[in-house]
Amino acid sequence: MKNLKYIVLVFILVITSCCSYNKKNMENCEIKKVLRVTNENDNLYYIHVQFSSCSSKKSRENLIKDEMRNRFPSIQNRTIHVEEYLGKMYNEYKYEVKIE
């Protein structure tokens, strides 16, 4: 009987973790609109973006890196560092992008 309780508990924990994992993967994280891109010099850019829905900072940063590589093909093989700042509106973020 005691073993049955542990098996049921483990089963519930596994199901719960699987559901939360799938929920994170199903997040519809995409750039809705690029509001502004400013190029200070060859190694420093500022970008102001509105996302559709992104709760994960890592996902947003990856999307910004992809967007920068698409807009500026010359930075394709270089290291990109991203600093995130909140914008004034919901789902708006400003980024400082440094290229090495």
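Presented here is an overview of the structure given in this document. This is a predicted model, so every value here is computed, not measured.

## Focus: the pairing of strand β1 (residues 31-41)
Item 1. Pairing of β1 with strand β2 (residues 44-51) involves 8 bridges; the strand directions are antiparallel. From the neighbouring strand, N41 faces β2, where its bridge partner is L44.
Item 2. Taking the residues between adjacent antiparallel strands as the criterion, β1 and β2 are bridged by 2 residues.

## Details of the nonpolar core
Side chains that are nonpolar tend, in soluble globular proteins, to be buried together.
Item 1. If you look at the biggest cluster of nonpolar residues, it comprises 15 residues, and the most contacted ones within it are I47, F51, I64, M68, Y95 and V97.
Item 2. Those elements that place two or more of their residues in this core are β2, α2 (57-71), β3 (80-86) and β4 (92-99).
Item 3. Discounting chain neighbours no more than four positions away, the residues touching V97 are N43, L44, Y45, I47, I64, M68, I80 and H81.

Conventions we followed
Residues numbered from 1 in each chain as written. Predicted model: local features only at pLDDT ≥ 70, side-chain atom pairs only at ≥ 80, totals over all residues. Heavy atoms only, no water. Pairing = 2+ DSSP bridges. Helix = DSSP H or I, 4+ residues; strand = E, 2+ residues; numbered from the N terminus. Core = buried A, V, L, I, M, F, W, Y, C linked by side-chain atoms within 4.5 Å. Buried < 20%, exposed > 50% of the residue type's maximum accessible area, 1.4 Å probe, protein only. Contact = heavy atoms within 4.5 Å.

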